[in-house]
Amino acid sequence: QVRLVVPMAVVFAPGSVPGDLRKPLPFRDVQEMEISVNLRTSVTSRYEMRYRSTTAQEEAALAAATAREADAALYPLQDTTLGSLTMYVVPDTSSLLPQGINVYVGKHRSALVRAGGSLAALQARLREVTQVMSFTASSIAAALSDRVPDGQLSPDARRNLKSSLGYEITFSLLNPDPKSHTVDWDIEGAVNRFVKPVLDKLSLVANFSVDSQILYYAVLGVTPRYDKESSSFFLSAHSLPHVINPVEARLGSSAASLYPVLNFLLYVPERSHSPLYIQDKDGAPVSTNAFHSPRWGGIMVYNVEAPASPQASLPLHVDVDMARVMEVFLAQLRLLFGLSREEVPPEFLLESPGNEGLADWELDHLLWAHTVENIATVSTTLTSLAQLLDKIGNIVIKDDVASEVYRAVASVQSAVTELSLGHLLAAFQASKEAVTSSERAFFDPSLLHLLYFPDDQKFAIYIPLFLPMAVPILLSLAKIVRETRLRKKEPTKMD
Amino acid sequence: FQDQAEQFFRSGHTNNWAVLVCTSRFWFNYRHVANTLSVYRSVKRLGIPDSHIVLMLADDMACNPRNPKPATVFSHKNMELNVYGDDVEVDYRSYEVTVENFLRVLTGRIPPSTPRSKRLLSDDRSNILIYMTGHGGNGFLKFQDSEEITNVELADAFEQMWQKRRYNELLFIIDTCQGASMYERFYSPNIMALASSQVGEDSLSHQPDLGIGVHLMDRYTFYVLEFLEEIHPASQTNMNDLFQVCPKSLCVSTPGHRTDLFQRDPQNVLITDFFGSVRKVEITTETLSLDRDVAGLESKFPEEELATEPLKYAEQLPVAQIIHQKPKQKDWHPPGGFILGLWALIIMVFFKTYGIKHMKHVF
């Protein structure tokens, strides 16, 4: 069984220790919880907590003016292994956290938590924080989505990108009206400045490759409607699903790679349809002017300001503000991976990750989900491979297929062990190796069951050939045997 | 509340794939190619891009020397609809359409050198449409006049796909004689199947065209095409309407369907769930706040390209491996000695029974 172990440290600042704490600090505690996915599968989560009081350096760091500065000062003092968490409990009266905020989650792997009076309240709050920062029952269930019985998970839950060894990201600029707009986008610079830091941080999770293209005369599949009041055009929310298809046929993808492709499109509307806004379900224009489709990518509409004078010469030169565009695209990239900040309770304050794109604990969140998903995939693959071999008894397993299977089994066992020890990074890498080996074994071209004939088919082919021929042979053999037996008996008879 | 109800009946797929197979060759099987191309055309019109369609045509009708109208494939006798079009992308053509390749596409056990356009890269949220047409019989479908695929093999292939979660829901349509026998053996979940005729019935073709000289379409697919021409990407027509297409009066055979393996009610399954590609979208409400003044990181790519040495030809090709490769395992034949021994036995028994004097009659 899979056990997810999260090593945690709960550090009490002076004055924050709850009155009803029984044992003196420091001490250790363990909390286990079972997340049951279906009748037979369940995942145990185990939080190994180490309660202690602050050291002098940590106290000095907590004396900072704002939570952000405190977080920055505490960062070098904490345990930074992947998967671990550190909670700093500050007194209720502390001014470090703004009014109304009980928890501050930093950019790395720590959080500042207000003490909250009693031990029970503190523990409830700690549990909430750990769930936000590591994994929840629903995020594990979403990772194991093929095992959850249908109907328990809403169809929307299985929308995150599947765990894969690599992803291909394509940025496309769509210019349907080159006569009116000459669009310049410094995509290479934007990728270097904004996208690479995020992909570098995600490089632990998978390999990323980035390309870009510009498409001319590519129109959206939907004609936007004109709104007289705002004298602008808009695309309503229910017409958005039909926008992507005509464009997708022209997008293309790299012929060599088999990784899933994420498309990010920047659409500059035609002059006759400018400005173009996207409306949400209530009819209000969307502030980002963008939408995304799960497991596919995102589209953003970039409106060009009307020229100051109506006699301005066409085509207008447009310099795309790449920072604004990348803010939206990178937010969409986060959402495609499932890193949303929407379900956080209101009393939480989450620090923005800035140019890195995602906080360390969000990276952990991804790694937990992907590791569990990889382990589940490997066990399903190997089980079905074993069932296939049972069904077709005379299938020939080549040596390299066998060695891949052994390697997959060894890797998945090591992944489960590492998870139970709390080493998230080692577990994730082992699970990646396990997936690679098991996929290679399962999809080996030699395992096509068409090449192996069941015994009944062989009988069906050869019996009609040999049976008629065999009848006179067998009868003659019987005749020979009878003759020899008679000859043997004759000498006795003659007597 | 209505939103929730809507959500419950919606399919949970995020992308659509189509595998369209025509298994017959020769000029007089023009109608099978026309069948497949009409489904291809509808599927492209409703939104599925070429990159998500695997089209397998066993013969080339448009550029066939016997085609009086070259570069066209018509579906109606008045040459109203040219289903060949301008942008057909055939992935498996001519002799590449074999049972082995078809099963490889479905199960994913493809040699690593296969290009992306020839692969079915579906995942667990893909709805796949599989359309097959050709000559078939009770429990098999003939490929290229030389081999056949049985319903057991097809059912096993779908099970392999399910095991690896290569589809979310699958719609299987077959237009051959006795087509219903092909879906009898399915046992994997989430499969819906339609066939043009029941076991024991033949699927008939539609009218011939006197100018081209062959039958242009099969009846079932002809009426399905008529039905699909009315569908547009936003239509809400459901599967029950597709089941009613081509009643016995028009089709002469009785079309059949199978929905017991499918989890949703066919009433709630939209045609565009399989034939079109309507994506689920979400409005993006979050943005990431970026620090605009950050200097660009050094681009690492050019350095990496210079660092690798040019590979030598001999090192790229594993020549030793190629030379010493063992030939592919062929079908099992009884070993030669067995045949010889058998014949020796026959001859021995013959002469023992009837006497050795008959030997002189042999020579």
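Going along each chain's sequence as written, the residues are numbered from 1 onward. To label them, take the chains in the order written and letter them from A, then take the ligands in the order written and number them from 1. Only residues with pLDDT of at least 70 get local features here, since the model is predicted, and only at 80 or more are side-chain atom pairs given and counted; chain-wide, interface and lining totals rely on the full set of residues. Derived side-chain values reflect all non-hydrogen atoms in the structure, with water molecules and hydrogen atoms excluded from consideration.

As annotated in an unreviewed UniProt entry, chain B carries the name GPI-anchor transamidase and is attributed to Hypocryptadius cinnamomeus. UniProt positions are given in the numbering used here, feature names are shortened, and annotations may be inferred rather than shown by experiment. The UniProt entry for chain B carries the following text under Subunit (unreviewed entry): "Heteropentamer. Part of the GPI-anchor transamidase complex, consisting of PIGK, PIGT, PIGS, PIGU and GAA1. Interacts with GPAA1. Interacts with PIGT; this interaction, via a disulfide link, stabilizes the expression of GAA1 and PIGK and links them to PIGS." A UniProt comment under Pathway (unreviewed entry) is attached to chain B, and it reads "Glycolipid biosynthesis; glycosylphosphatidylinositol-anchor biosynthesis."

The name that an unreviewed UniProt entry assigns to chain A is PIGS transamidase, with the source organism given as Hypocryptadius cinnamomeus. Listed in UniProt under the heading Sequence similarities (unreviewed entry), the comment for chain A reads: "Belongs to the PIGS family." Among the UniProt annotations of chain A, the heading Subcellular location (unreviewed entry) holds the following wording: "Endoplasmic reticulum membrane".

**Q** Tell me about the state of the cysteines, and please be specific about residues and values.
**A** Residues and elements named next belong to chain B. Two cysteine sulfur atoms form a disulfide, by the criterion used here, when they sit within 2.5 Å. Applying the stated criterion across every chain yields a total of 1 disulfide over all chains. Paired through a disulfide, Cys 246 and Cys 251 show a sulfur-sulfur distance of 1.6 Å. Residues Cys 246 and Cys 251 are joined by a disulfide whose S-S torsion is about 95°; by sign, that bridge is right-handed. Unpaired in this structure, Cys 22 has its nearest cysteine sulfur neighbour in Cys 177, at a distance of 14 Å. Here's how the labels work: a residue is buried when its accessible area is under 20% of the maximum for its type, exposed when over 50%, partly exposed in between, all with a 1.4 Å probe on protein chains only. Owing to a relative accessible area of 0%, Cys 22 belongs among the buried residues under this scheme. The thiol of Cys 63 is not disulfide-bonded; the next cysteine sulfur, from Cys 22, is found 15 Å away.

**Q** Go over the pattern of salt bridges with me, naming the residues and quoting the values.
**A** Any carboxyl oxygen of Asp or Glu within 4 Å of a side-chain nitrogen of Lys or Arg constitutes a salt bridge here. In this structure the tally under the stated criterion is 31 salt bridges over all chains. Between Asp360(A) and Lys201(A) there is a salt bridge, with the nearest N and O atoms lying 2.6 Å from each other. One end of the pair, Asp360(A), is in helix α8 (residues 360-391); the other, Lys201(A), is in helix α5 (residues 187-202), with 159 residues separating them in the sequence. There is no split in this pair, since Asp360(A) and Lys201(A) are both buried. Where Arg41(B) meets Glu229(B), a salt bridge forms, and the shortest distance between an N and an O atom there is 3.3 Å. Note that Arg41(B) is positioned in helix α2 (residues 30-45) and Glu229(B) in helix α5 (residues 219-229), a separation of 188 residues in sequence. For Glu229(B), a relative accessible area of 33% gives the class partly exposed. The structure contains a network of salt bridges with shared partners spanning Arg109(A), Lys201(A), Glu356(A), Asp360(A) and Asp364(A). Each helix corresponds to a stretch of at least 4 residues labelled H or I by DSSP, and each strand to a stretch of at least 2 residues labelled E; elements are numbered beginning at the N terminus.

**Q** Describe the packing of α8(A) against helix α4 (residues 151-163) of chain B, and please don't skip the residues or the numbers.
**A** Each axis is a line fitted through C-alpha atoms, and for a helix only the stretch in contact is used; angles between axes span 0 to 180 degrees, taken between their N-to-C directions. It is at 10 Å that the axes of α8(A) and α4(B) come closest, and there the two elements cross at 160°. Here α4(B) runs roughly antiparallel to α8(A), going by the angle between their axes. In contact with Thr380(A), Ser384(A), Gln387(A), Leu388(A) and Lys391(A) of α8(A), α4(B) contributes Asp156(B), Gln160(B) and Gln163(B). For classification purposes, an angle smaller than 35 degrees is called roughly parallel, one larger than 145 roughly antiparallel, one from 65 to 115 roughly perpendicular, and anything else oblique. Here, residues are in contact when the closest pair of their heavy atoms is within 4.5 Å.

**Q** Any details on the domain arrangement of chain A? Residues and values, ideally.
**A** All names here are of chain A. On domain assignment, one finds that chain A holds domain 1 (2-143), domain 2 (166-337), domain 3 (360-450) and domain 4 (453-494). The source of the domain bounds is an automatic or database domain assignment. Spacing between the C-alpha centres of domain 2 and domain 3 amounts to 37 Å. Contacts between the two partners involve 7 residues from domain 2, matched on the other side by 9 residues from domain 3. A simple way to read buried area is as the amount of 1.4 Å-probe accessible surface that goes missing from two parts once joined, with both sides added. Taken over both partners, the interface formed by domain 2 and domain 3 buries close to 770 Å², and the fraction arising from carbon and sulfur atoms is 63%. The largest share of the area that domain 2 buries against domain 3 comes from Lys 201, Leu 204 and Val 205, three residues that together contribute 67% of it. Polar contact is defined as a pair of N or O atoms within 3.5 Å, subject to the rule that within protein one atom must be able to donate a hydrogen and the other to accept it, and that residues adjacent in sequence are counted only when both atoms are side-chain atoms. Linking domain 2 with domain 3 are 2 residue pairs in polar contact (both at pLDDT 80 or more), by the criterion used here. Secondary structure elements with two or more residues in the side of domain 2 that touches domain 3: α5 and α7 (322-337).

**Q** Could you give an account of helix α6 (residues 244-251) of chain A, with specific residues and numbers?
**A** Residues and elements named next belong to chain A. Those residues of α6 not exposed but buried are Ile 244, Asn 245, Val 247, Glu 248 and Leu 251. Take α6 and look down its axis: the buried residues cluster within an arc of 160°, on one side only. Those residues of α6 that are buried are in contact with β7 (166-175), β9 (207-216), β12 (261-267), β14 (290-293) and β15 (297-301). Gly 252 sits one or two residues past α6 and shows a positive phi near 75°. The directions from the helix axis to the C-beta atoms form the arc being described.

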